[in-house]
Amino acid sequence: MSNVALTARIGSVYSDAKRIAVSELAGFIVKCKREVPDALRPLKIKCRRDKKGKKVVTGYKLSEPLYIEGDPEHSKMTEEEVKEYLERGFIPNWDAVEICTRGSDMHDTVAAALNGQPYMSEKSSQDVICLLATTNQQSTLLKGLAVVLDLLPDDSEEKGLQYADFLKRNKIGVDKIINTLSMEWLAITYEENEVLKALGATKENVPCLREQLLAYGDRFVDSAGKICGKSSLARRYLCYLTIIAAFCERSYRHNTYLRD
């Protein structure tokens with residue numbers, strides 16, 4: 001197989017991994033909305049004026065503003081949405097996830113999953129196993145993908161979130177969902193680049209995943225573990241790739257003298 005063809009296969013499989021990861025988490029949110037809506041916390045928002053007197057809308061525990069008056073390039077919300085949601089003081093959880101992912105590579109996949117259209121890969125687990133054998137790389141997330149492709153839940157299966165009372169008492173916040181989606185995308189993108197670099201298909205040097213995670217801070221990376229715990233309690237709706245990405249994150253972030 002030529003390097004060009006192999007590179008294309010790697011890119012296609014990792015693209016699937018990213019989209020399945022964010023789609024299964026968005027799908028979990030949809031199932032919570034449908035079955036135990038009280039398990040989801042709406043996104044509290046507030047409005048302030050910046051130094052130039054412009055209106056700025058921010059969301060609870062989110063690092064980036066959702067709206068900057070007169071700056072559509074850096075705003076995720078429309079003026080109509082700002083008016084509507086400021087009157088309420090919050091954005092419903094599922095709407096907030098769609099809004100917060102606007103402008104990102106993952107947005108279309110997340111939005112589709114929130115609308116009941118989860119991403120469906122045309123690849124099989126055997127396709128991924130063959131690629132792993134061809135590249136001879138120790139790719140943690142691709143090994144996980146090979147398993148996940150055989151485990152993706154059938155939406156016709158029996159419904160019913162487990163431990164609904166616990167989920168109601170320990171609600172899932174938008175900040176944790178957004179942090180987890182971003183961490184998944186970051187971890188899978190990093191592994192893809194490392195595989196391509198090992199095969200000589202790219203010379204792009206990106207910062208070590210550990211350095212990138214530390215730069216984001218503990219709140220960013222701890223979110224995945226909390227989401228994993230809650231989806232695991234729900235049992236029927238495990239976020240498989242979220243769990244694998246969280247495992248990678250924790251191994252990269254393991255305490256060393258570099259962190260002290």
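For the structure, see preceding data.
What comes next is a walk through the structure.

Calculation criteria
Residues numbered from 1 in each chain as written. Predicted model: local features only at pLDDT ≥ 70, side-chain atom pairs only at ≥ 80, totals over all residues. Heavy atoms only, no water. Pairing = 2+ DSSP bridges. Helix = DSSP H or I, 4+ residues; strand = E, 2+ residues; numbered from the N terminus. Patch = residues over 30% accessible without salt bridge, like charges linked within 9 Å, V, L, I, M, F, W, Y side chains within 5 Å. Areas by Shrake-Rupley, 256 points an atom, 1.4 Å probe, with all protein chains shown as cover. Salt bridge = Lys/Arg side-chain N within 4 Å of Asp/Glu carboxyl O. Lys, Arg positive; Asp, Glu negative; His and termini not counted. Charge placed at Lys NZ, Arg CZ, Asp CG, Glu CD. Buried < 20%, exposed > 50% of the residue type's maximum accessible area, 1.4 Å probe, protein only. Axes fitted to C-alpha atoms, helices over the stretch in contact; angles between N-to-C directions. Parallel < 35°, antiparallel > 145°, perpendicular 65-115°, else oblique. Left-handed = near helix turned anticlockwise from the far one by under 90°. Contact = heavy atoms within 4.5 Å. Nonpolar A, V, L, I, M, F, W, Y, C, P; charged D, E, K, R; others polar. Core = buried A, V, L, I, M, F, W, Y, C linked by side-chain atoms within 4.5 Å.

1. Brief notes about the pairing of strand E1 (residues 43–49)
Right, on to step 1. Here E1 runs beside strand E4 (residues 90–91); their pairing, made up of 2 bridges, is antiparallel. The partner of Lys44 across the bridge, within E4, is Phe90.
Right, on to step 2. Relative to strand E2 (residues 55–59), E1 runs antiparallel, the two being bridged by 5 bridges. Bridging across to E2, Lys46 finds its partner in Thr58.
Right, on to step 3. The turn joining E1 and E2, which pair antiparallel and follow one another in sequence, is formed by 5 residues; a positive phi near 85° is taken by Gly53.

2. So, a positive patch on the surface
Right, on to step 1. A surface patch of like charges, here positive, comprises Arg41, Lys44, Lys61, Arg219 and Lys226.
Right, on to step 2. Mapped onto the fold, Arg219 is located in helix H10 (residues 218–234).
Right, on to step 3. We classify Arg219 as exposed; its relative accessible area is 52%.

3. Section: the packing of helix H3 (residues 93–100) against helix H8 (residues 174–198)
Right, on to step 1. Between H3 and H8, the shortest axis-to-axis distance is 10 Å and the interhelical angle comes to 40°. By the criterion of interaxial angle, the relationship of H3 to H8 is oblique. For the crossing formed where H3 meets H8, the hand is right-handed. Listed contacts from H8 to Asn93, Ala96, Val97 and Cys100 of H3 are Val174, Ile177, Ile178 and Leu181.
Right, on to step 2. A breakdown of the residues in the contact of H3 with H8 according to their chemical character gives 7 nonpolar, 1 polar and no charged.

4. Regarding the nonpolar core
Right, on to step 1. Grouped together as the largest cluster of nonpolar side chains are 39 residues, with contacts concentrated most on Phe28, Leu43, Met77, Ile91 and Leu181.
Right, on to step 2. At the level of elements, helix H1 (3–35), E1, helix H2 (79–88), H3, helix H4 (107–114), H8 and H10 are the ones that each hand at least two residues to this core.
Right, on to step 3. Residue contributions to this core peak at 7 residues, all from H1.
Right, on to step 4. Once you skip the residues sitting within four places of it in the chain, Met77 turns out to touch Val57, Leu66, Tyr67, Val82, Tyr85, Ile91, Ile99 and Arg102.
Right, on to step 5. Val128, Leu141, Leu142 and Leu196 belong to the second largest nonpolar core, which has 31 residues in total.

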